[in-house]
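# A closer look at the structure
Spelled out from the first residue to the last, the chains are:
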Amino acid sequence: MTFPLPVVFVHGLWLHSTSWRPWIELFREEGYDPSAPGWPGDPDTVEEARLNPESVAGYGIDDVVEHYAALIEALPVRPVVIGHSFGGMIAQKLLGQDRAAAAVAIDAAQIKGVLPLPLSALKATFPVFRNPANKRRSVSLTAEQFRFAFGNAVPEEESAALYERWTVPAPGKPLYEAAAANFNPHSPAKVDTENSGRGPLLLISGGKDHTVPEVVTRATLKQYRHSEAVTDIVNFADRGHSLTIDGGWREVADTVLTWLRQQGPETGR
């Protein structure tokens, strides 16, 4: 018996899993079996998440990886994992653990070993780092903070609409873990970048991204230099951190689909 290839979408901080809905519809039309499970503690809807902000508080990177690993175990075959922001880090960790047939990391949060720390990234994450107690809490963004961190490359009206539609509180712990990664030999932000037997990986960056600037994604690519597995990179020069949810999402999604087809029958449909 053959199964449609599963695709697991993993969101990052401050976006609800339902923000992947257009991608899910497109990938289903293309013959995949897509899903977008939330992080541990995520309520089912944006509205519920806003009403229960502390439901996600305290969850860290390892908690999220184990959550998705358990979901993957229940699938008939290894899926393609597509993640945005911290979801991109999670996708890389799952791929390095051989739990995925392939992975796409879009504007992925920096993994252990990545050194660049642009000022824009510091400003984008300041709402979390301004209070050390936020490591144990959930944190919400204001519309202005979302505009800088996500919506800077789209019109202000579109940024405001995206904020109202998709944003939810996010746990502060993953950001603290990533910030300390290069000082912690056992950091949960560590990825097995030397695994030459893993499936292919596509890194995608936005040239105008304030939260994960292009220099961070290119530094991530260098971390894979000792692996013989396929590791590709694509940059959308005029795009910001909202590139998976704004009006240009289809161009990014089509690029991902084309790349998956190029990787062969295990990932193409």
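One can find the structure itself at the top, above this paragraph.
Bear in mind that the values here come from a model prediction, so they are computed numbers and not experimental data.

Okay, the packing of aromatic side chains next. Taken as a whole, this structure holds 10 aromatic pairs when the rule is applied. Consider the rings of Trp20 and Trp23, whose centres lie 5.3 Å apart with planes at 85 degrees: the pair is edge-to-face. Trp20 sits in the buried class, given a relative accessible area of 2%. You can call Trp23 buried: its relative accessible area is 0%. Aromatic pair Phe146 and Phe150: ring centres 4.8 Å apart, planes at 10 degrees, arrangement stacked. Owing to a relative accessible area of 0%, Phe146 belongs among the buried residues under this scheme. Of the residues examined, Phe150 reaches a relative accessible area of 2% and is grouped as buried. Clustering of aromatic rings is evident, with ring pairs tying together Phe9, Trp20, Trp23, Phe27, Tyr32 and Trp249. Its end group placed over the ring of Phe148, Lys123 keeps NZ or CZ at 4.3 Å from the ring centre.

This paragraph deals with the packing of helix 3 (residues 61-73) against helix 4 (residues 86-96). Between helix 3 and helix 4, whose axes approach to 10 Å, the crossing angle comes to 60 degrees. It follows from the interaxial angle that helix 3 and helix 4 lie oblique. By crossing handedness, the relation of helix 3 to helix 4 is classed as right-handed. Note on element contacts: helix 4 touches helix 3 through Phe86, Met89, Ile90, Lys93 and Leu94, opposite Ile61, Asp62, Val64, Val65, Tyr68, Ala69 and Ile72.

Turning to its location among the elements, Gly87 is positioned in helix 4. Taking the C-alpha atoms as reference, Gly87 lies 19 Å from Asp254; in sequence the two are 167 residues apart. When sequence neighbours within four positions are dropped, the list of residues in contact with Gly87 reads Val10, His11 and Gly12.

Rules used in this analysis
- Residues numbered from 1 in each chain as written.
- Predicted model: local features only at pLDDT ≥ 70, side-chain atom pairs only at ≥ 80, totals over all residues.
- Heavy atoms only, no water.
- Phe/Tyr/Trp six-rings, centres within 6.5 Å; stacked < 30°, edge-to-face > 60°.
- Buried < 20%, exposed > 50% of the residue type's maximum accessible area, 1.4 Å probe, protein only.
- Lys NZ or Arg CZ within 6 Å of the ring centre and 35° of its normal.
- Axes fitted to C-alpha atoms, helices over the stretch in contact; angles between N-to-C directions.
- Helix = DSSP H or I, 4+ residues; strand = E, 2+ residues; numbered from the N terminus.
- Parallel < 35°, antiparallel > 145°, perpendicular 65-115°, else oblique.
- Left-handed = near helix turned anticlockwise from the far one by under 90°.
- Contact = heavy atoms within 4.5 Å.

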